[in-house]
Amino acid sequence: QVHLVESGGGLVQPGGSLKLSCTGSGSDFSSWTVTWYRQTPGKQRGMVASITTGGTKDYADSVKGRFTISRDNAKNAVYLEMNSLKPEDTAVYYCNPKIPGLNVWGQGTQVTVSS
């Protein structure tokens, strides 16, 4: 069974930075595209950033130039560096590997951007 753990969230002031981590067990992250999503109450989960097995990156327009996704296959981990944070970035952040036949989510990590 694949198990995912997201961590690194917290409370930060506007303009601040956080680095989120996603680690997995029961799967090899090096084999999959991994995507970060975020969700706020009453709204659909939205894509934030993704990284392919080859390291190609894609970002939502709202975070381009501020967020950076990366992966460390030796640690079976994917990261999301978040800079210049805005209140609208407040959400629960989740990671998801694109494993055929599976749809696995962790508990997410809360990011709150507020003065």
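Structure: see above.
Residues numbered from 1 in each chain as written. Predicted model: local features only at pLDDT ≥ 70, side-chain atom pairs only at ≥ 80, totals over all residues. Heavy atoms only, no water.

Draft legend 1. View of the environment of Ala 91. Considering the arrangement of structural elements, one finds Ala 91 in strand S9 (residues 91-97). On the accessibility criterion, Ala 91 (3% relative accessible area) is buried. Taking the C-alpha atoms as reference points, Ala 91 and Val 111, 20 residues apart in sequence, are found 5.5 Å from one another. Residues within four places of Ala 91 in sequence aside, it is in contact with Arg 38, Gln 39, Thr 40, Thr 109, Gln 110 and Val 111. (Helix = DSSP H or I, 4+ residues; strand = E, 2+ residues; numbered from the N terminus. Buried < 20%, exposed > 50% of the residue type's maximum accessible area, 1.4 Å probe, protein only. Contact = heavy atoms within 4.5 Å.)

Draft legend 2. Expanded view of the sheet that holds strand S4 (residues 34-39). Read from one edge to the other, the open sheet built from six strands follows the order S2-S10-S9-S4-S5-S6, with strand pairing classed as mixed. Each edge of the open sheet is held by one strand with a lone partner, namely strand S2 (10-12) and strand S6 (57-59). Neighbour-to-neighbour, the strand axes of this sheet turn through a mean angle of 25 degrees, independent of strand direction. Where S4 and strand S5 (residues 46-51) come together, five bridges link them in antiparallel fashion. From the neighbouring strand, Thr 35 faces S5, where its bridge partner is Ser 50. (Pairing = 2+ DSSP bridges. Axes fitted to C-alpha atoms, helices over the stretch in contact; angles between N-to-C directions.)

Draft legend 3. The pairing of S4, seen in detail. If you look at the hairpin formed by S4 and S5, you'll find six residues sitting between the two strands, and Gly 42 has a positive phi there, around 80 degrees. Judged from the six bridges that link them, S4 and S9 form a sheet pairing that is antiparallel. When the bridges of S9 are listed, Tyr 37 appears paired with Tyr 94.

Draft legend 4. A look at the side chain of Asp 89. Tracing the backbone shows Asp 89 in the loop between strand S8 (77-82) and S9. Taking the relative accessible area as the measure of exposure, Asp 89 reaches 0% and is therefore buried. At 2.8 Å, the side chain of Asp 89 forms a polar contact with the backbone nitrogen of Lys 86. Apart from the residues lying within four places of it in its own chain, the contact partners of Asp 89 are Arg 38, Val 63, Arg 66, Phe 67, Ser 84, Val 111 and Val 113. (Polar contact = N/O pair within 3.5 Å; in protein donor to acceptor, adjacent residues only side chain to side chain.)

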